[in-house]
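So the chains spell out like this:
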Amino acid sequence: MAAPKVDEFFDTEFLTALQGFSLWARRIISGGRHAEQLSKDKGAGLEFADYKAYVPGDDTRTIDWNIYRRLGRVVVKVFEERQELPVYLLVDRSSSMYFEAAPKIGVALKVALALASISLSQHDSVGLFSFSDNLEMKLKNGSGHGRLMRVAERLAELEEQGNTELVQAIEGVERLRLRRGLLAVISDFYDPVGLDAVLGSLRQTRHRLLLVQLIGNHDLDPAGRRDMRGDVRLRDCESGEAVDVSLTPAILANYRAIVNDFNERLTGFATGQGAAFLRLNTDEEVLPQLAAAFEAGRIEI
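What comes next is a walk through the structure.

Moving on to the packing of helix α7 (residues 195-203) against helix α9 (residues 249-273). Look at α7 against α9: their axes get within 11 Å of each other, and the N-to-C directions meet at 15 degrees. Accordingly, the angle class assigned to the pair α7 and α9 is roughly parallel. In this structure, α7 meets α9 at a crossing whose hand is right-handed. Residues Leu195, Asp196, Leu199, Leu202 and Arg203 of α7 form the contact with α9, whose participating residues are Phe262, Arg265, Leu266, Phe269 and Gln273. When the residues that make up the contact of α7 with α9 are grouped by side-chain class, the tally is six nonpolar, one polar and three charged.

What follows is the structure, encoded as structure tokens:
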């Protein structure tokens, strides 16, 4: 199944509703353009940070003469520079994202576009990657006028491709040695190697993390589906492997317990790593869920 066309998810009303939302980095690695994020650099920025004792070579224009007159000490004001945050969007394009009548990929594209719009509006740079059983760079990092439409066009090119190999994708991003920034992973996080391996690879990344988990009602509780009752044959949409199962109440209860444990571990990892985390239900409207996540107007990473 192909991804939705640009005009199916490039919704101007949706993008307008995102105005006022921001992704706010506590500190970023220096080396980028001047923008809105606080960097580790101290210099001739606009954000006052601290005082320090004057030493020869300091800019005399930053001397605080009020303190000199009151205390007889020569100190200079130190400012924090604001720089752009590189944002790397990593979108899952594996077969599980295209499964079901209302596939997760539609929500994935809308969320990716929303994050790109928010980042570009605060003068950050945005790059786009997709992954399945291989990693593809769809768009190098950049910013500026017209960038959002370019992101939308590249998103619309994504098509169903192979199995979920998130661990390899994260390791592939690391091998590129990109400038440290924000890695936004948009996926259902169902990798055949298991959640432990996925969390292990995420733990090793150099980047800040924003994890966007996409999950549908059928993931949470398949009992609500008419075709998921009694004796059924379940087929993995990626590997093609099939298994015959009798969906008894005990089996369904065990399934729900496993899903809840998976979700709790993913949430706990994000909390422990200081990562931002969004869990979006793909059977519900995206905008209200994003508005709830950005309840205070911003997500801090």
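Text resumes after the structure shown.
Formed by 46 residues in total, the largest nonpolar core has its most connected members in Leu89, Leu115, Leu155, Ile186, Leu210 and Val212. Broken down by element, the residue count for this core peaks at twelve residues, all from helix α4 (residues 104-121). Apart from residues lying up to four places away in sequence, leucine 210 is in contact with Leu23, Leu115, Leu182, Leu183, Ala184, Val185, Ala276, Phe277 and Leu278. Formed by 24 residues, the second largest nonpolar core is a distinct cluster that contains Phe131, Val198, Leu202 and Leu209.

Below, the discussion takes up the layout of surface pockets. Within this model, the largest pocket holds a volume of roughly 1300 Å³. Taken together, 37 residues make up the lining of the largest pocket; nearest its centre are Tyr190, Asp219, Leu234, Asp236 and Tyr255. Those elements that provide at least two residues to the lining of the largest pocket are α8 (217-220), β10 (230-235), β11 (242-247) and α9. When grouped by side-chain class, the residues that make up the lining of the largest pocket number 19 nonpolar, six polar and twelve charged.

The next point concerns the sheet that holds strand β6 (residues 125-131). In space, the six strands of this open sheet follow the order β7-β6-β5-β8-β9-β12, with mixed pairing throughout. The sheet is open, and its two edges are formed by β7 (135-142) and β12 (276-281), each paired on a single side. Geometrically, the sheet is characterised by an average inter-axis angle of 15 degrees between neighbouring strands, direction not taken into account. Bridge count for β6 against β7 is five bridges, and the pairing is antiparallel. Residue pairing across strands places phenylalanine 129 opposite methionine 137, the latter belonging to β7.

Turning our eyes to something else, we now look at unusual backbone geometry. For arginine 177, which is not a glycine, the phi torsion comes out positive at approximately 55 degrees. If you trace the backbone, arginine 177 turns up in the loop between α6 (166-175) and β8 (182-187). A relative accessible area of 58% places arginine 177 in the exposed class. Although it is not a glycine, phenylalanine 189 adopts a positive phi angle of roughly 65 degrees. Considering the arrangement of structural elements, one finds phenylalanine 189 in the loop between β8 and α7.

The next subject is the environment of proline 86. Within the secondary structure, proline 86 sits in strand β5 (residues 86-92). Each C-alpha atom of the pair proline 86 and glycine 127 lies 7.7 Å from the other, and the pair is 41 residues apart in sequence. Aside from chain neighbours lying at most four places away, what touches proline 86 is Ser125, Asn141, Arg179, Arg180, Gly181 and Leu182.

Let us look at the packing of α6 against α7. Relative to each other, α6 and α7 sit at 10 degrees, their axes nearing to 9 Å. On the basis of the axis angle, α6 is roughly parallel to α7. Facing α6, whose interface residues are Leu166, Val167 and Ile170, α7 presents Ala197, Val198, Ser201 and Leu202. Of the residues in the contact of α6 with α7, the class split is six nonpolar, one polar and no charged.

Right, let's talk about the pairing of β5 for a bit. For β5, the tally of buried residues reaches seven of seven residues, placing the bulk of the element in the interior. Burial of β5 is two-sided: the residues Pro86, Tyr88, Leu90 and Asp92 facing one way and the residues Val87, Leu89 and Val91 facing the other way are all buried. Both β5 and β6 contribute to a ladder of seven bridges, which runs parallel. Note on β6: the bridge partner recorded for leucine 90 is phenylalanine 129. A crossover connection joins β5 to the parallel β6 through α4; in handedness this β-α-β unit is right-handed.

What counts, and at which threshold
Residues numbered from 1 in each chain as written. Predicted model: local features only at pLDDT ≥ 70, side-chain atom pairs only at ≥ 80, totals over all residues. Heavy atoms only, no water. Axes fitted to C-alpha atoms, helices over the stretch in contact; angles between N-to-C directions. Helix = DSSP H or I, 4+ residues; strand = E, 2+ residues; numbered from the N terminus. Parallel < 35°, antiparallel > 145°, perpendicular 65-115°, else oblique. Left-handed = near helix turned anticlockwise from the far one by under 90°. Contact = heavy atoms within 4.5 Å. Nonpolar A, V, L, I, M, F, W, Y, C, P; charged D, E, K, R; others polar. Core = buried A, V, L, I, M, F, W, Y, C linked by side-chain atoms within 4.5 Å. Buried < 20%, exposed > 50% of the residue type's maximum accessible area, 1.4 Å probe, protein only. 1 Å grid on protein atoms, 1.4 Å probe; cavity = no way out; pocket = protein on both sides within 12 Å on 5 of 7 lines; lining within 4 Å. Points joined across faces, edges and corners; volume = space filled by probe spheres on them. Pairing = 2+ DSSP bridges. Right-handed = clockwise from strand over helix to strand, strands pointing away.

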